Amino acid sequence: CRAMNIAMQRSSKRLFRSTTTAALSFLTLTSTSSYCNAFVPTSHRTCAAPHLHFSTSTDTSTAKNTSTGTSSNMSGETSTTPFVVAQFPCLNDNYGYLVHDPITKQTAAVDTPCAKTYKSELDKRGWQLTHILNTHHHGDHTGGNLALKSKDVTIVGPVNEKTRIPGIDVSVGQGDTVEFGGKTASVIDVGGHTKGHVAFYFDTEDSAFVGDALFVLGCGRMFEGTPDQFWGSLKRLRDLPDETKVYCAHEYTESNAKFAMSVEPNNPDLQAQVAKYKDLRANGKPTVPSLLVDEKKANPFLRCDTSAEIRSNVGVVDGDTEEQAFGKVRKAKDNF
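Everything numeric here is computed off the predicted structure, so don't read it as measured data. (Residues numbered from 1 in each chain as written. Predicted model: local features only at pLDDT ≥ 70, side-chain atom pairs only at ≥ 80, totals over all residues. Heavy atoms only, no water.)

## Digging into the pairing of strand β7 (residues 107–110)
Side chains Thr107 and Ala109 project from β7 onto one buried face, and the interleaved Ala108 and Val110 project onto a second face that is buried too. With four bridges connecting them, strand β6 (residues 94–100) and β7 associate as antiparallel partners. Following the sheet pairing, Leu98 is matched in β7 by Ala109. Linking β6 back to β7 in an antiparallel pair, the connection comprises six residues, with Lys105 at a positive phi of about 70°. By the bridge criterion, three bridges tie β7 to strand β8 (residues 131–133) in an arrangement that is parallel. (Buried < 20%, exposed > 50% of the residue type's maximum accessible area, 1.4 Å probe, protein only. Helix = DSSP H or I, 4+ residues; strand = E, 2+ residues; numbered from the N terminus. Pairing = 2+ DSSP bridges.)

Take a look at the structure:
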């Protein structure tokens, strides 16, 4: 029944989206005060970060932590009111995210690059932090955990990196779910950048918080995983619905675009996206989030099994597996 309901909800939303494709592609930004200079270098940031608004449908299922064999409802309430996602720059090129539900008053930080920035963003909005959702163990994603932790804050992180997540309370892995603000996030194993990396996918929100697994026109550097592991992870993300909004953790689009054009210069979808992103950055606007449908059309790391041009340009030969092809694309980017 839940699957049928979600399918009906998505069908209705697609009818609406058919008249608002441009709006979804660019996700118009507004601010609690003014747009100001929220995306200029850290030392010059003085005003509120933008809000990205999206609608949701009711989802009252109970979260299950199958890694520990327990069930929990960390929300206690259900909500049909839209989430508000506050997106703001942190450190040198990270994006911070606060996800807020106006009805339950719950607020989740997706990773914690900088506790000071997060506290400032919470204070200016009058929000109380209740959850931290960590995607992986790197310091620019967990560095603010302990400074933001209190008895009222639950830290959720990857089970395969639980000893490396400061202050972790709940460990999750592939197939687990986390309930927040009356909505349920599915946990997806996206290991490769780090071995235990996870993503949080809110299906009723059409939104995925993917950390460093997938970027606009790129993917994370393969620090700990293998090509086999990372390619499997990217295929799991690629299998999500086209309308999924991809919230990644860094503004790497300009450099990713240069590499993408070097391996697939004749892709018209890529050409159009590069022009769009160049314009956004020239006007001081973020390229994140992107739509998964756009990544499927232009991201070379999602196309190494389908694009003959990419395969030729990175040296894929007959007999290479998909995993080997991905490994060659990743190596080409490392050396670019």
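## A few points about the side chain of Lys333
Residue placement: Lys333 occurs in helix α11 (residues 322–334). Look at Lys333: it is buried, it has no salt bridge, and the nearest opposite charge is Asp334 at 6.7 Å. In this structure Lys333 touches Ser255, Asn256, Phe259 and Phe301, once residues within four positions along its chain are discounted. (Lys, Arg positive; Asp, Glu negative; His and termini not counted. Salt bridge = Lys/Arg side-chain N within 4 Å of Asp/Glu carboxyl O. Contact = heavy atoms within 4.5 Å.)

## Observations concerning α11
Here α11 spans 18 Å end to end across 13 residues, near enough to the 18 Å set by a 1.5 Å rise per residue. Buried within α11 are the following residues: Ala325, Phe326, Gly327, Val329, Arg330 and Lys333. (Expected span 1.5 Å × (residues − 1).)

## Digging into the nonpolar core
Judged by nonpolar contacts, the single largest core of 58 residues is most densely connected at Phe200 and Leu237. Looking at which element gives the most residues to this core, the answer is strand β13 (residues 198–202), with five residues. If sequence neighbours within four positions are ignored, Phe200 has contacts with Leu133, Asn134, Thr135, Val156, Val172, Val178, Ala185, Ser186, Val187, Ser207, Ala208 and Phe209. With 17 residues, the next largest nonpolar core counts Val84, Cys90, Leu129 and Leu148 among its residues. (Core = buried A, V, L, I, M, F, W, Y, C linked by side-chain atoms within 4.5 Å.)

## What to know about helix α8 (residues 268–282)
Because each turn of an α-helix spans 3.6 residues, side chains separated by three or four positions end up pointing in the same direction. Over its 15 residues, α8 runs 21 Å from end to end, which matches the ideal 21 Å to within 8%, given 1.5 Å per residue. For α8, the set of buried residues is Leu270, Gln273, Lys276, Tyr277 and Leu280. Along the long axis of α8, the arc covered by the buried residues comes to 130°, so they all point the same way. Facing away from the buried side of α8, by more than 90 degrees, are the exposed residues Pro268, Lys278 and Ala282. Following α8 by one or two positions, Gly284 adopts a phi angle in the positive range, close to 70°. (Arc of directions from axis to C-beta.)

## Here we look at the environment of Lys162
By secondary structure assignment, the location of Lys162 is in the loop between β9 (154–158) and β10 (170–172). Using a relative accessible area of 45% as the deciding quantity, one classes Lys162 as partly exposed. Considering only alpha carbons, one finds Lys162 and His136, 26 residues apart in sequence, at a separation of 9.2 Å. Residues contacting Lys162, with those up to four places away along its chain left out, are Ile168 and Ser171.

## Observations regarding the sheet that holds strand β14 (residues 207–211)
Ordered by their spatial adjacency, six strands build an open sheet running β11-β12-β13-β14-β17-β18, and the pairing between neighbours is mixed. The outermost strands of the open sheet, each flanked by one partner alone, are β11 (177–180) and β18 (290–291). One ladder, built from four bridges, connects β14 with strand β17 (residues 245–248); its direction is parallel. Among the inter-strand pairings, Phe209 is bridged to a residue of β17, identified as Tyr247.

## Focus: the pattern of salt bridges
Between side chains of opposite charge, pairing is possible as soon as their charged atoms come close. For the coordinates displayed, the defined rule picks out 16 salt bridges. Its salt-bridge partner being Lys296, residue Asp242 comes within 2.7 Å of it at the nearest N-O pair. Within this pair, whereas Asp242 is found in the loop between α6 (227–238) and β17, its partner Lys296 is found in helix α9 (residues 292–298), the two being separated by 54 residues in sequence. In this structure Asp242 comes out as partly exposed when scored by relative accessible area, which is 36%. Residue Lys296 is classed as partly exposed on the basis of its relative accessible area, which comes to 24%. Two residues, Glu251 and Arg281, come together in a salt bridge whose shortest N-O distance is 3.9 Å. You can see Glu251 sitting in the loop between β17 and α7 (253–263) and its partner Arg281 sitting in helix α8, a full 30 residues away along the chain. Several salt bridges converge on common partners, so that one network encompasses Glu121, Lys124 and Arg125.

Keep in mind that these numbers describe shape and distance, not what the molecule does.
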